[in-house]
Amino acid sequence: MRIAVAKEIEVWERRVALIPDIAARLVKQGLEVWVEKGAGERAFFLDSAYEAAGAKIISDPATLWGEADILLKVSPPQEREDGRHEIDLLQAGSVLVSFLNPLGNPVIAEQLANRQVTALSMELIPRTTRAQSMDALSSQASLAGYKAVLIAAAALPKYFPMLTTAAGTIAPAKVFIMGAGVAGLQAIATARRLGAVVEAFDIRPAVKEEVQSLGAKFVEVKLEEETTAAGGYAKEISESSKQRTQEVVTEHVKNADVVITTAQVPGKKAPILVTEEMVAQMKPGSVIVDLAAEQGGNCACTDPGKDIVWHGVTIIGPINLPTSMPVHASQLYAKNVTSLIQLLIKDKELQVNFDDDIVSAACVTHAGEIRNQRVQDALQALAIR
Ligand code: NAD
């Protein structure tokens, strides 16, 4: 049974799917571990460390991909410089575990099915207690929430903490976090540690206690509709609820030095929470960090991947933030993927068991079929367009 770790070819991707410490555990388990030459370099995990862990370094990507039983990756596979697609390097019957973005790019599922690959998408791991150690969306969102606050603090022309000095007293920065899911809660905790006064808002009332337990004030908006969907995710809300929330949050946005937005609705474009009018009312020098930039942004002014200044307000739309902390991002991701593959290994043999709810939920393709209904629907919608 051979586990292979590919080197990421996406230029911005610095993470690696397995780190030496965790590779050592797989080797101890009696599994063969192959790592592509230089795979961990951009995350500061050197080939020599993988070798010391008992892994074999493979220089030729075609050999690594083509002889893997389970291939581990971070970013979705893509076309290589030589014109061959990474998926075409995989052998039929092998397993691919990676972020695949199958709802955003359902064509990938078709390619994987044609190649007869069993593909497990890290985005589709269910949000259940048993699957917590495999939940890569959470592990990576938490890194993003932390980094967003550091970016905001660096861009703000002010201190975050309250300071009493001989030269006078500095008032603490006011930080408003919109969306209190995994990233939002980590942002609250980080901003509090830096000494800011923090308020947070979410349409799911269930997060109120979590927000308060982190020392932030919860901004409550009473809505007359159900806002929570299955799995604890948010639902898309009606136009009238959107208006109602905007009325309440405008005042908080206006008073904030920093606004960090993290609101997302799975499978949908990110909701606009901060309008142009709201930005225009903010104090000059204020900062917005929009963590939903990749999904279109929560702020109407966001330009994904760019920092812009509008009406004196700096609006930052970072993309792929977890990759900017590749050491811990890789460590956590490696734990996520290796917990998942334990479900696929029985007596050192590959066994894909669809009676397991996690395997069944995460599996996009198997034996030439697209198994996930939402992905099939997304493909069909593409074909109709
Ligand atoms: P997410 O990234 O999809 O969304 C981030 C936040 O945005 C959510 O809290 C959501 O309620 C909020 N949001 C959506 N629309 C909004 C709007 N119009 N205005 C304000 N806020 C809005 O979510 P996530 O952070 O990945 O996770 C969401 C929830 O999933 C968690 O808080 C938790 O309840 C659940 N979860 C469970 C587990 C588990 O049980 N293992 C693991 C992770 C997450």
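Conventions we followed
Residues numbered from 1 in each chain as written. Predicted model: local features only at pLDDT ≥ 70, side-chain atom pairs only at ≥ 80, totals over all residues. Heavy atoms only, no water. Pairing = 2+ DSSP bridges. Helix = DSSP H or I, 4+ residues; strand = E, 2+ residues; numbered from the N terminus. Expected span 1.5 Å × (residues − 1). Buried < 20%, exposed > 50% of the residue type's maximum accessible area, 1.4 Å probe, protein only. Contact = heavy atoms within 4.5 Å. Polar contact = N/O pair within 3.5 Å; in protein donor to acceptor, adjacent residues only side chain to side chain. Near = heavy atom within 4 Å. Areas by Shrake-Rupley, 256 points an atom, 1.4 Å probe, with all protein chains shown as cover. Nonpolar A, V, L, I, M, F, W, Y, C, P; charged D, E, K, R; others polar.

## Structural notes on the sheet that holds strand S4 (residues 70-72)
Here is step 1 of the chain: The strand order S3-S2-S1-S4-S5-S6-S18-S19 describes an open sheet built from eight strands, whose pairing is mixed. Two strands bound the open sheet, and with one partner strand each, they are strand S3 (56-58) and strand S19 (369-370).
Here is step 2 of the chain: Sheet analysis places strand S1 (residues 2-5) next to S4, joined by three bridges and oriented parallel. Counted as the bridge partner of Ala4 is Leu71 from S4.

## Concerning helix H5 (residues 136-155)
Here is step 1 of the chain: Here H5 contains 20 residues, and its C-alpha end-to-end distance of 28 Å stays within 8% of the 28 Å for a straight helix at 1.5 Å per residue.
Here is step 2 of the chain: The complete set of buried residues in H5 reads Ala136, Ser138, Ser139, Gln140, Leu143, Ala144, Gly145, Ala148, Val149 and Ala152.
Here is step 3 of the chain: Close packing links the buried residues of H5 with helix H6 (182-193), strand S12 (258-261), strand S13 (287-290) and helix H10 (326-342).
Here is step 4 of the chain: Its side-chain oxygen placed 3.3 Å from the backbone nitrogen of Leu137, Asp135 serves as the N-cap of H5.

## Structural notes on the site of the ligand
Here is step 1 of the chain: Residues in close proximity to the ligand total 23 residues, the closest being Arg127, Ser138, Val182, Asp202 and Arg204.
Here is step 2 of the chain: For the ligand, an oxygen atom lies 2.7 Å from a polar atom in the side chain of Asp202.
Here is step 3 of the chain: At 3.3 Å from an oxygen atom of the ligand is found a main-chain nitrogen or oxygen belonging to Gln264.
Here is step 4 of the chain: With the chains in place, 84% of the 840 Å² that the ligand exposes on its own is no longer accessible.
Here is step 5 of the chain: Its residues assigned to classes, the shell around the ligand shows 10 nonpolar, nine polar and four charged.

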